[in-house]
Amino acid sequence: MAELILYGSDGCHLCEDAETLLVQAGAHFVKQEILNDDAVYQRYALRIPVLRDPADGAELNWPFDAEQIAAFLAER
């Protein structure tokens, strides 16, 4: 499985909450700052945080909880 991407922005408290949940779930992910890329910003600005699997394009949109993360990871 490819490493997951957590799209978000510095200072976003929802993104921090999502990151905490992902760490607790043992998910392997990298954070992607949406402000560094106009195309990424256009796509995710109103939806962050978003967890994405680059291998198949599946996305888990906020709000999500530990159970939803577990299900998303199990599908990968």
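We now turn to the structure provided with this report. (Residues numbered from 1 in each chain as written. Predicted model: local features only at pLDDT ≥ 70, side-chain atom pairs only at ≥ 80, totals over all residues. Heavy atoms only, no water.)

A look at the environment of glycine 11
Item 1. Along the chain, glycine 11 turns up in the loop between β1 (4-8) and α1 (13-25).
Item 2. Taking the C-alpha atoms as reference points, glycine 11 and proline 63, 52 residues apart in sequence, are found 17 Å from one another. (Helix = DSSP H or I, 4+ residues; strand = E, 2+ residues; numbered from the N terminus.)

Side note on the nonpolar core
Item 1. If you look at the biggest cluster of nonpolar residues, it comprises 11 residues: Leu4, Leu6, Ala18, Leu22, Ala27, Phe29, Leu51, Leu60, Phe64, Ile69 and Phe72.
Item 2. For this core, the secondary-structure elements that each account for two or more residues are β1, α1 and α3 (66-75).
Item 3. For alanine 27, the residues in contact, after removing those within four places along its chain, are Leu22 and Leu73.
Item 4. Cys12, Cys15, Ile34 and Tyr44 belong to the second-largest nonpolar core, a separate cluster that totals 9 residues. (Core = buried A, V, L, I, M, F, W, Y, C linked by side-chain atoms within 4.5 Å. Buried < 20%, exposed > 50% of the residue type's maximum accessible area, 1.4 Å probe, protein only. Contact = heavy atoms within 4.5 Å.)

What to know about the packing of aromatic side chains
Item 1. One pass over the structure, following the stated rule, counts 2 aromatic pairs.
Item 2. On the numbers, 5.0 Å between centres and 75° between planes, the contact of tryptophan 62 with phenylalanine 64 is edge-to-face.
Item 3. Positioned above the aromatic ring of phenylalanine 72, the side-chain terminus of arginine 76 is 4.2 Å from the ring centre. (Phe/Tyr/Trp six-rings, centres within 6.5 Å; stacked < 30°, edge-to-face > 60°. Lys NZ or Arg CZ within 6 Å of the ring centre and 35° of its normal.)

Comments concerning the sheet that holds strand β3 (residues 50-52)
Item 1. On the basis of which strands lie adjacent, the open sheet formed by 4 strands has the order β2-β1-β3-β4 and mixed pairing. The outermost strands of the open sheet, each flanked by one partner alone, are β2 (29-33) and β4 (59-61). The mean angle between the axes of side-by-side strands here comes to 20°, regardless of whether they run parallel or antiparallel.
Item 2. When β1 meets β2, the two strands line up parallel, connected through 5 bridges. Opposite tyrosine 7, over in β2, you have glutamine 32 as the bridge partner.
Item 3. Sitting on the sheet, α1 is in contact with β1, β2 and β3, with an inclination near 160° to β1. (Pairing = 2+ DSSP bridges. Axes fitted to C-alpha atoms, helices over the stretch in contact; angles between N-to-C directions.)

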